[in-house]
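Single-letter residue listing:
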Amino acid sequence: MADSATPTALDASNLPILATKLSIPPSHAEIVYRSRLTDRLEAGLSGKLTLLSAPPGSGKTTLVTEWLSSTGLSRKVAWLGLDAGDNDPGRFLTYMVAAIRTVEPDFGPGLINLLQTALGSDPAIALVDLINALSGLSEQVVLVLDDYHVITNHDVHEVVSYLLNHQPPMLHIIMTTRDTPPLPLSLLRSRREVNEFRRDEMRFTIEEATTFLNGVMGLTLDAGQVAALEERTEGWIAGLLLAALSARDAADPGAVLDSFSGEHRYVFDYLAAEVVGQQPEEVQRFLDLTSMLGRMSAPLVESLTGNGQEMLDFLVTANLFTLPLDNQRSWYRYHHLFGDFLSARFRERDPDGWREAQRRAAEWFYANGHRFEAAEHAMAADDFQQLGNLIEEVGPLLVRRGRISTISRWLEAMPEAMVLHRPQLVIQHAWVAMFSRDLQRAAHWLDLIHLEDISDPDELEAVRLEQAVALATYSRFIGDMPETIRLSRIALDLFRDGPGLDAPDACIPMLHLGSSLRISGETEQATGVLQDALDLTVDGTDRIVELNSMSQLAAAWWDLGDFERAETQARQAIAREHEYGLVRMAMVGAARTALADVLRCRGELGEARKLSESAFEIIVASGDGEDVIPQMWALHTTAMIDLAGAAAGSAMEAMEEAVRRAQRYLLNERLQWLVRGLRAHIYLMMGDVEQAARWNPLAHQGEPPVHPYLDERAGITGAWILTTQQRHDEAVEILTPLIRTLDQASRLPRLSEARLILAGILDATGRGEDGLELATQAAEWVLGQRAWRMLLESHPRVLSMLPAVRSRLEADGLVWPSYLDDALGGQAGYRPLPQALDEPLTDRELEVLALLGAGITNQEIADRLFVSVGTVKRHTHNIYGKLSVSNRTQAIVKGQELRLLDGKSPAGS
């Protein structure tokens with residue numbers, strides 16, 4: 001499988017996947033077949049991991065290819081040859097998926113796209129999908145991770161550890177490494193799920209050494225010489241090979257072999273020098289100039305040395321540690337140990353020549369379309385000018401594709417003095433810091449952008465644009481909505497004056513502006529901006545912005561009360577994320593929560609619960625730190641769904657989790673108070689007025705709002721709490737301006753909630769006609785959206801007002817839906833026959849139920865009945881049990897359905 005300068009069939013999003021890394025190295029025709037080891041390899045496939053951990057030159061890779069050759073490739077084997085560039089979690093996982101696709105072409109649709117397109121460097125967003133895809137394999141796949149010792153990044157080790165901990169039986173991993181990797185090996189050993197090959201198992205036996213030296217290498221050593229050499233090298237295969245190469249052309253092979261002594265590293269240094277020293281000058285020069293190449297082809301080495309395919313063929317034939325990487329012999333590499341020796345020797349003897357070879361290699365890779373390897377060689381050559389050029393060219397793509405480790409490593413190699421005079425590199429530092437969630441460091445780099453260093457007008461325009469977008473993004477990440485709006489508008493003005501608002505990158509500040517306007521309550525204006533951002537991405541130019549815009553639009557339509565459009569937009573976003581393979585991104589969390597809320601209001605609780613739970617899980621798994629409010633929305637929606645399903649315990653667990661997160665994220669005191677307000681709302685819904693009242697609704701009265709979802713909910717909840725304390729005037733003072741603001745902003749769901757609460761308060765204070773008018777206005781919108789559960793979840797007095805509301809609506813020609821009668825148990829006019837209770841309520845329990853329906857607190861009930869609060873709670877507990885409900889609202893609805901609030905108790909069965 002030959003590489004090309006252009007992306008292969010496995011390419012995704014303009015980041016080519018090198019096919020040679022996925023090619024199983026050809027097995028050598030002349031090898032020593034070691035059935036004692038290949039049989040153990042075969043037997044170990046029932047576990048999770050086969051680990052070959054031994055010093056370099058121990059034949060680890062050769063053993064695996066030998067096993068594959070002996071089995072005739074009857075198994076599905078995916079090969080991944082690792083290199084230092086795979087210390088990026090996203091790149092590592094991308095290649096892992098690509099490797100599996102070489103044997104399972106349909107494996108994990110969308111996974112590579114997810115990894116190539118993901119914002120940020122956290123790969124956890126893809127791991128669940130990866131595990132699920134592996135579980136769906138029809139037969140076992142063996143994944144070989146060759147040279148795992150090159151992995152030094154802790155995050156990659158964490159990825160592999162996660163995979164091993166959740167690995168399905170359809171996957172077996174074979175790992176070759178020089179060192180013991182930091183993986184959960186002890187746990188695997190205790191479960192007998194790891195098959196280990198260490199140094200002692202890998203060494204040649206006397207019999208194998210004899211076959212190798214005399215059979216493969218063509219020497220004529222007697223048993224004593226073989227035994228002595230095997231003892232001196234301790235069966236080290238590379239040592240035996242080097243010894244054989246040195247002795248094969250010597251006048252006195254025995255004398256050469258007799259001179260062996262010392263540890264492996266000394267033997268290697270001595271023999272490598274002897275082997276290379278025996279080669280013609282032309283070969284030695286070729287080895288020097290190509291020593292630093294991780295992979296080499298005939299055109300590449302010819303550009304460096306003047307010699308091409310003929311020299312590569314010679315090295316392979318002469319067993320000079322040169323290995324073909326594909327069956328077509330288009331690409332080769334040196335044995336790692338040999339290459340390391342050659343490169344170190346060349347660098348020590350001729351450091352300028354070594355750097356020049358690196359520089360020329362960088363030029364060749366760049367000219368042939370291999371930007372990653374070009375940057376690696378430019379970095380090794382200290383060619384910071386070329387490295388800077390490459391970072392400026394591919395850095396934005398790498399950052400937006402989640403290759404944070406890679407771009408960060410390149411940037412760190414650059415001298416800071418040079419970076420400071422190249423504003424585009426400064427901006428790349430800021431982007432890396434932002435997507436690493438190091439916002440303090442991001443601010444530092446953003447402050448270092450100096451436009452006066454730019455003399456070229458075109459470059460100045462480009463940098464101004466990128467600076468404006470970066471500053472807007474930073475403001476969005478720290479939650480400063482007014483500043484995000486201001487900076488996004490500046491960025492859009494620059495686009496308007498320059499490349500135009502139809503330029504692909506203009507969608508980023510459009511998205512920031514639209515989402516910030518929505519969060520700030522300017523919802524109608526937000527929908528237009530978000531639609532513009534979405535229109536710019538319809539051709540797939542930026543799938544991240546596309547899905548974000550769709551999700552934000554779904555939430556905006558929810559805010560505006562257009563549930564049909566909210567549902568349609570949310571379902572389109574969810575379908576599109578599956579199409580793109582981006583199903584673990586936080587960006588569609590808002591769409592999922594909006595859809596869950598729509599379905600909850602319509603009583604479709606099963607799908608709603610799945611959506612709200614998945615929204616929360618995805619937001620958390622993504623590591624998305626720009627805004628914790630979506631998490632709170634998802635948790636509150638989950639709690640409301642749980643209450644609707646009579647699962648009060650689960651509802652409170654969700655809200656306690658919200659409070660814990662607010663504390664853990666170190667939200668300011670105001671935001672933490674607002675999150676506790678969400679919990680208080682759930683307490684009200686459960687009928688636990690005492691717990692709800694522990695939250696002070698007036699603690700931050702008069703302060704400017706920080707987030708409409710939380711502030712509006714706090715106002716509605718606070719008014720409800722105050723009315724349970726008979727503080728009706730204070731409740732009205734909160735609701736009146738809130739209703740006016742919501743009406744002006746056309747935020748109809750919250751407007752209807754606020755109107756229903758105020759209607760209940762007015763009815764309780766003798767202004768029933770005014771309350772009925774408000775309740776009718778709210779109910780008209782609710783029924784238009786089929787959001788009937790909102791009537792159940794309001795002030796308790798609203799339930800008793802529904803018959804009159806129905807009469808008014810029907811008088812205006814509106815049809816009262818039968819599903820609402822079914823849902824309310826006939827509360828709004830129909831009177832179904834009472835159902836018998838297994839255990840009827842006592843007279844005292846009927847009194848308590850009637851007082852619950854009046855919306856007063858447990859303390860007030862105790863005062864009226866001249867009993868303790870504890871006695872009231874005991875009666876309430878008994879009522880809930882007999883009615884098979886879990887909260888006050890459900891008890892009132894059930895009581896009205898059974899006519900218990902009319903003073904008519906059904907007979908027991």
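Analysis parameters
- Residues numbered from 1 in each chain as written.
- Predicted model: local features only at pLDDT ≥ 70, side-chain atom pairs only at ≥ 80, totals over all residues.
- Heavy atoms only, no water.
- Helix = DSSP H or I, 4+ residues; strand = E, 2+ residues; numbered from the N terminus.
- Buried < 20%, exposed > 50% of the residue type's maximum accessible area, 1.4 Å probe, protein only.
- Contact = heavy atoms within 4.5 Å.
- Areas by Shrake-Rupley, 256 points an atom, 1.4 Å probe, with all protein chains shown as cover.
- Polar contact = N/O pair within 3.5 Å; in protein donor to acceptor, adjacent residues only side chain to side chain.
- Axes fitted to C-alpha atoms, helices over the stretch in contact; angles between N-to-C directions.
- Parallel < 35°, antiparallel > 145°, perpendicular 65-115°, else oblique.
- Nonpolar A, V, L, I, M, F, W, Y, C, P; charged D, E, K, R; others polar.
- Pairing = 2+ DSSP bridges.
- 1 Å grid on protein atoms, 1.4 Å probe; cavity = no way out; pocket = protein on both sides within 12 Å on 5 of 7 lines; lining within 4 Å.
- Points joined across faces, edges and corners; volume = space filled by probe spheres on them.
- Phe/Tyr/Trp six-rings, centres within 6.5 Å; stacked < 30°, edge-to-face > 60°.
- Lys NZ or Arg CZ within 6 Å of the ring centre and 35° of its normal.
- Salt bridge = Lys/Arg side-chain N within 4 Å of Asp/Glu carboxyl O.
- Core = buried A, V, L, I, M, F, W, Y, C linked by side-chain atoms within 4.5 Å.

1. A closer look at the overall build of the protein chain
And step 1. In terms of regular secondary structure, the protein chain is built from 47 helices and eight strands.
And step 2. Buried positions account for 59% of the 909 residues belonging to the protein chain.
And step 3. Taking as baseline every contact in the protein chain between residues at least 6 positions apart, the subset at least 24 positions apart corresponds to 69%.
And step 4. Accessible surface computed for the protein chain: about 35700 Å², of which carbon and sulfur atoms make up 49%.

2. A closer look at the environment of Asn327
And step 1. Along the chain, Asn327 falls in the loop between strand E7 (322-324) and strand E8 (331-334).
And step 2. The class for Asn327 is exposed, based on a relative accessible area of 64%.
And step 3. Remark: the alpha-carbon pair of Asn327 and Pro26, spanning 301 residues in sequence, is separated by 6.3 Å.

3. Concerning the side chain of Arg679
And step 1. The residue Arg679 is located in helix H35 (residues 669-686) in this model.
And step 2. Within the structure, Arg679 has its side chain in polar contact with the side chain of Glu656 (distance 3.2 Å).
And step 3. Leaving out residues up to four positions away in the same chain, Arg679 has contacts with Met652, Met655, Glu656 and Val659.

4. Notes on the packing of helix H39 (residues 748-764) against helix H42 (residues 796-811)
And step 1. Interhelical geometry of H39 versus H42 gives an angle of 85 degrees and a closest axis separation of 8 Å. The angle between H39 and H42 falls in the class roughly perpendicular. Residues Leu756, Ala759, Gly760, Asp763 and Ala764 of H39 touch H42, and the partners they reach there are Arg797, Val798 and Met801.
And step 2. Residue classes in the contact of H39 with H42 are distributed as five nonpolar, one polar and two charged.

5. Some thoughts on the pairing of E8
And step 1. Because side chains alternate across E8, one face comprises the buried residues Trp331 and Arg333, and the other comprises Tyr332 and Tyr334, equally buried.
And step 2. Pairing analysis gives two bridges linking strand E6 (residues 296-297) to E8, with the strands arranged antiparallel. Counterpart to Met296 in the pairing with E8 is Tyr332.
And step 3. Where E7 lies against E8, three bridges are found, and the strand directions are antiparallel. What sits directly across from Thr322, in E8, is Tyr334.

6. What about empty space enclosed by the protein?
And step 1. Enumeration over the complete set of coordinates arrives at four cavities of 30 Å³ or more.
And step 2. When its volume is computed, the largest cavity comes out at roughly 190 Å³.
And step 3. Contributing elements (two or more residues each) for the lining of the largest cavity: helix H31 (589-601), helix H33 (629-644), helix H37 (708-724) and H39.
And step 4. Class assignment of the residues belonging to the lining of the largest cavity gives a composition of 10 nonpolar, four polar and six charged.

7. A few points about the packing of aromatic side chains
Aromatic ring pairs are reported here in terms of the distance separating the ring centres and the angle at which the planes meet.
And step 1. Evaluation of the coordinates by the stated rule reveals eight aromatic pairs.
And step 2. Note on Trp364 and Phe365: the rings are 5.3 Å apart at their centroids and 85 degrees apart in plane angle, and the pair reads as edge-to-face.
And step 3. Classification of Trp364 by relative accessible area gives buried; the value is 13%.
And step 4. Overall, Phe365 belongs to the buried group, its relative accessible area being 1%.
And step 5. Measuring from ring centre to ring centre gives 5.8 Å for Phe372 and Trp410, while their planes differ by 45 degrees; the resulting arrangement is tilted. Of this pair, Phe372 sits in helix H19 (residues 371-380) while Trp410 sits in helix H21 (residues 404-413), and the two are 38 residues apart along the sequence.
And step 6. The exposure class assigned to Trp410 is buried, which follows from its relative accessible area of 1%.
And step 7. In this arrangement the basic side chain of Arg371 is found over the ring face of Tyr366, its NZ or CZ atom lying 3.9 Å from the centre.
And step 8. The side chain of Arg565 reaches across the aromatic face of Trp557, ending 3.7 Å from its centre.

8. Observations concerning the pairing of strand E2 (residues 76-81)
And step 1. Most of E2 sits inside the fold, with five of its six residues counted as buried.
And step 2. Across six bridges, E2 lies against strand E3 (residues 141-146) in parallel orientation. If you follow Trp79 over to E3, its bridge partner there is Val144.

9. Digging into the sheet that holds E6
And step 1. Here we have three strands laid out as an open sheet, ordered E6-E8-E7, and antiparallel in their pairing. Each of the sheet's edge strands pairs with one partner strand only, and the pair in question is E6 and E7.

10. Quick word on the pattern of salt bridges
And step 1. Counting across every chain of the model gives 55 salt bridges.
And step 2. Two residues, Asp493 and Arg496, come together in a salt bridge whose shortest N-O distance is 2.5 Å. Of this pair, Asp493 and Arg496 both sit in helix H26 (residues 481-497), three residues apart, which is roughly one turn of the helix.
And step 3. Relative accessible area serves as the criterion here: at 47%, Arg496 is assigned to the partly exposed category.
And step 4. Arg676 is paired through a salt bridge with Glu669; the nearest N and O atoms lie 3.8 Å apart.
And step 5. The exposure class assigned to Arg676 is partly exposed, which follows from its relative accessible area of 25%.
And step 6. For Glu669, a relative accessible area of 46% translates into the label partly exposed.
And step 7. One connected set of salt bridges, linked through shared partners, spans Glu564, Glu567, Arg571, Arg602, Glu607 and Arg786.

11. Re unusual backbone geometry
And step 1. Positive phi is not limited to glycine here, since Arg192 has a value of about 55 degrees.
And step 2. Within the fold, Arg192 resides in the loop between helix H7 (185-190) and strand E5 (194-197).
And step 3. Given a relative accessible area of 78%, Arg192 falls into the exposed group.
And step 4. A positive phi angle, close to 55 degrees, is found at Ser746, a residue other than glycine.
And step 5. When its relative accessible area of 22% is taken as the criterion, Ser746 is described as partly exposed.

12. Here we look at the packing of helix H14 (residues 281-290) against helix H16 (residues 309-317)
And step 1. Viewed as axis vectors pointing N to C, H14 and H16 meet at an angle of 95 degrees, and their least axial separation amounts to 12 Å. Classed by the angle they form, the pair H14 and H16 counts as roughly perpendicular. Contacts between H14 and H16 involve Glu282, Val283, Phe286 and Leu287 from the first element and Met311, Leu312, Phe314 and Leu315 from the second.
And step 2. A class-by-class count of the residues in the contact of H14 with H16 yields seven nonpolar, no polar and one charged.

13. Some thoughts on the side chain of Thr65
And step 1. By secondary structure assignment, the location of Thr65 is in helix H2 (residues 60-70).
And step 2. A relative accessible area of 6% means that Thr65 is categorised as buried.
And step 3. The contacts of Thr65, once residues within four sequence positions are left out, are Pro25, Ser27 and Trp79.

14. Considering helix H44 (residues 843-853)
And step 1. Where H44 is concerned, the buried positions are Glu845, Leu846, Val848, Leu849, Leu851, Leu852 and Gly853.
And step 2. Note on H44: the residue one or two positions beyond its end, Gly855, has a positive phi of about 80 degrees.

15. What to know about the nonpolar core
And step 1. Judged by nonpolar contacts, the single largest core of 218 residues is most densely connected at Phe212, Leu213, Leu293, Leu387, Trp410, Ile682 and Leu735.
And step 2. Look past the residues within four positions of Phe212 in its chain and what remains in contact with it is Val32, Phe204, Met217, Leu240 and Leu241.
And step 3. Core analysis: the second largest hydrophobic core is formed by 42 residues, Leu18, Leu22, Leu145 and Val194 among them.

These results come straight from atomic positions and should not be treated as a statement about function.
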